[in-house]
Amino acid sequence: ETKKDEQKVEKENINEVNREKNNFLIKLSNDLKSPVQSIVGFSQAMLTGMGDNLNEKQEKYMQIINNNSNEVLLFLSKLIELSQAESNLIDYDFKICDVTSIMKTVVGEYSPKLENKGMRLFVDTTELIKINCYTDKNILKSIISSLLDNAMLSSNSGTVTIKLSNPENANVSDKVEILANSEK
């Protein structure tokens, strides 16, 4: 009995330490986001001609600053999401949602980003028009966005292919696929 009580107390202590760690990471990430967003904004302003025109070398360095600070912002956002999920700070809103519609929304947001990076996006939904599932729409959007972000970070050119197929066909291979193929 005492052993079980000790284990229970130890588990509660570990959970509390994890909550405190995640809350610290959330606060730290939020505190870092503002200055990084300023760097993104000012570097973008410089690239679009605010102030003096940049020479070729300055423009190259400003583009590097802008790209790297955008990647830091993305990392901080993902760190906040992960910390919130681990701390059970996310309020889930499960509903019946149309996966195809959610995919098309996210793809619409990412198409210009991929094109600006010199990448192509191919979406194959030929096997289904609409598929409903019970999920949290925002979490699903976040998962798809994370996969596309990873595809963008892992390559500077190539094709990202998204394929949706119907799981009701009872084929193990039916799934959502997101593939990034680099062209070197």
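This is a predicted model, so every value here is computed, not measured. (Residues numbered from 1 in each chain as written. Predicted model: local features only at pLDDT ≥ 70, side-chain atom pairs only at ≥ 80, totals over all residues. Heavy atoms only, no water.)

Visitor: Give me the lowdown on the overall build of the protein, citing residues and values where you can.
Guide: The secondary structure content of the protein amounts to 4 helices and 5 strands. Seen in sequence order, the protein has helices and strands lined up from the N terminus as α-α-β-α-β-β-α-β-β. A fraction of 78% describes how many contacts in the protein between residues 6 or more apart in sequence connect residues 24 or more apart. Split by element, the accessible area of the protein, about 12,700 Å² in all, is 53% carbon and sulfur. (Helix = DSSP H or I, 4+ residues; strand = E, 2+ residues; numbered from the N terminus. Contact = heavy atoms within 4.5 Å. Areas by Shrake-Rupley, 256 points an atom, 1.4 Å probe, with all protein chains shown as cover.)

Visitor: Could you give an account of the nonpolar core, naming the residues involved and the relevant values?
Guide: Of all hydrophobic cores here, the largest spans 18 residues; its most connected members are Met103, Tyr110, Leu114, Ile144, Leu148 and Val160. Every element with two or more residues in this core is listed here: helix H3 (99-116), helix H4 (137-153) and strand S4 (158-164). Examining the composition of this core, we find that 7 residues originate from one element, H3, more than from any other. (Core = buried A, V, L, I, M, F, W, Y, C linked by side-chain atoms within 4.5 Å. Buried < 20%, exposed > 50% of the residue type's maximum accessible area, 1.4 Å probe, protein only.)

Visitor: Run through the side chain of Asp98, naming residues and quoting values.
Guide: Along the chain, the position of Asp98 falls in strand S1 (residues 94-98). The class for Asp98 is buried, based on a relative accessible area of 19%. Here the side chain of Asp98 touches Thr100 through a polar contact of 3.2 Å, landing on its backbone nitrogen. The contact partners of Asp98, leaving out residues within four places of it in the chain, are Lys130, Ile131 and Asn132. (Polar contact = N/O pair within 3.5 Å; in protein donor to acceptor, adjacent residues only side chain to side chain.)

Visitor: How would you summarise the packing of H3 against H4 if you had to cite specific residues and measurements?
Guide: Contact pair H3 / H4: the axes reach a minimum separation of 10 Å and the direction vectors enclose 35°. Crossing hand, H3 versus H4: right-handed. Touching Val99, Ile102, Met103, Thr105, Val106, Glu109, Tyr110, Lys113 and Leu114 of H3 are Lys137, Leu140, Lys141, Ile144, Ser145, Leu148, Asp149 and Met152, all from H4. Looking at the contact of H3 with H4 residue by residue, the classes come out as 10 nonpolar, 2 polar and 5 charged. (Axes fitted to C-alpha atoms, helices over the stretch in contact; angles between N-to-C directions. Left-handed = near helix turned anticlockwise from the far one by under 90°. Nonpolar A, V, L, I, M, F, W, Y, C, P; charged D, E, K, R; others polar.)

Visitor: With reference to specific residues and values, describe the pattern of salt bridges.
Guide: Applying the stated rule across the entire model yields 3 salt bridges. Between Lys27 and Asp31 there is a salt bridge, with its nearest N and O atoms 3.2 Å apart. With Lys27 and Asp31 both in helix H1 (residues 2-47) and 4 residues apart, the pair spans about one turn of that helix. Note on Lys27: relative accessible area 53%, which makes it exposed. Residue Asp93 pairs with Lys95 through a salt bridge whose shortest N-O separation is 3.4 Å. Among the residues examined, Asp93 registers a relative accessible area of 41% and is labelled partly exposed. (Salt bridge = Lys/Arg side-chain N within 4 Å of Asp/Glu carboxyl O.)

Visitor: Account for the environment of Asn23, with residues named and values stated.
Guide: Summarising the element assignment, Asn23 is placed in helix H1. Each C-alpha atom, one on Asn23 and one on Ile80, is 9.1 Å from the other, the two residues being 57 residues apart in sequence.

Visitor: Account for a negative patch on the surface, with residues named and values stated.
Guide: A cluster of like negative charges, contributed by Glu1, Asp5, Glu6 and Glu10, occupies part of the molecular surface. Overall, the relative accessible area of 49% leaves Glu10 in the partly exposed class. (Patch = residues over 30% accessible without salt bridge, like charges linked within 9 Å, V, L, I, M, F, W, Y side chains within 5 Å. Lys, Arg positive; Asp, Glu negative; His and termini not counted. Charge placed at Lys NZ, Arg CZ, Asp CG, Glu CD.)

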